[in-house]
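# Topology and contacts: notes
These are the residues of each chain, in order.
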Amino acid sequence: MATESKPATRRAGAFDIRMIIALLVGVYGIVLTIMGIGFTTDADLAKAADVNINLWAGIGMLVFAALFVVWAKVRPLQVPEEEPESPPAGE
């Protein structure tokens, strides 16, 4: 049997857009969660029909960011390795 050689690949790592999105959404999620826990007044709750919207939005964003990180770890992006170019013959 003939074996097929697969092209060499490497992981995208920090350049995977899913990790960048997870970082940005996660930072906003942390800020909103902290604002919801520590800095929400009764007047804010009255405006939002007694729902601590900052807390719930922050938790939702943290869950979203965690799902993106899990997705990036379970199914990493594979980037094909580029072979170094050889100089043209005669130079």
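So, here's what we can say about the structure.

### Points about helix H3 (residues 53-74)
Across its 22 residues, H3 extends 31 Å between first and last C-alpha, which sits within 8% of the 32 Å expected from 1.5 Å per residue. For H3, the full list of buried residues reads Gly58, Ala65, Phe68 and Ala72. Projection of H3 onto a plane perpendicular to its axis shows the buried side chains occupying an angular sector of 85°, all on one side. Within H3, the exposed residues directed more than 90 degrees away from the buried face are Trp56, Leu67 and Val74.

### Regarding a nonpolar patch on the surface
On the surface, a nonpolar cluster with roughly 720 Å² of combined accessible area is contributed by Leu23, Val27, Ile30, Val31, Ile34, Met35, Phe39 and Leu62. With six residues, helix H1 (residues 17-38) is the single largest residue contributor to the nonpolar patch. Relative to the assigned elements, Val31 resides in helix H1. Take Val31: its relative accessible area is 45%, and that puts it in the partly exposed class.

### Regarding the packing of H1 against H3
Packing of H1 against H3 brings their axes to within 7 Å, and their N-to-C directions diverge by 155°. Considered as vectors, H1 and H3 are oriented roughly antiparallel to each other. As for how H1 packs across H3, the hand of that crossing is left-handed. In the contact of H1 with H3, the residues fall into 20 nonpolar, six polar and two charged.

### Describing the environment of Phe68
Residue placement: Phe68 occurs in helix H3. Beyond its immediate stretch of four places on either side in the chain, Phe68 contacts Arg18, Ile21 and Ala22.

Cut-offs applied
- Residues numbered from 1 in each chain as written.
- Predicted model: local features only at pLDDT ≥ 70, side-chain atom pairs only at ≥ 80, totals over all residues.
- Heavy atoms only, no water.
- Helix = DSSP H or I, 4+ residues; strand = E, 2+ residues; numbered from the N terminus.
- Expected span 1.5 Å × (residues − 1).
- Buried < 20%, exposed > 50% of the residue type's maximum accessible area, 1.4 Å probe, protein only.
- Arc of directions from axis to C-beta.
- Patch = residues over 30% accessible without salt bridge, like charges linked within 9 Å, V, L, I, M, F, W, Y side chains within 5 Å.
- Areas by Shrake-Rupley, 256 points an atom, 1.4 Å probe, with all protein chains shown as cover.
- Salt bridge = Lys/Arg side-chain N within 4 Å of Asp/Glu carboxyl O.
- Axes fitted to C-alpha atoms, helices over the stretch in contact; angles between N-to-C directions.
- Parallel < 35°, antiparallel > 145°, perpendicular 65-115°, else oblique.
- Left-handed = near helix turned anticlockwise from the far one by under 90°.
- Nonpolar A, V, L, I, M, F, W, Y, C, P; charged D, E, K, R; others polar.
- Contact = heavy atoms within 4.5 Å.

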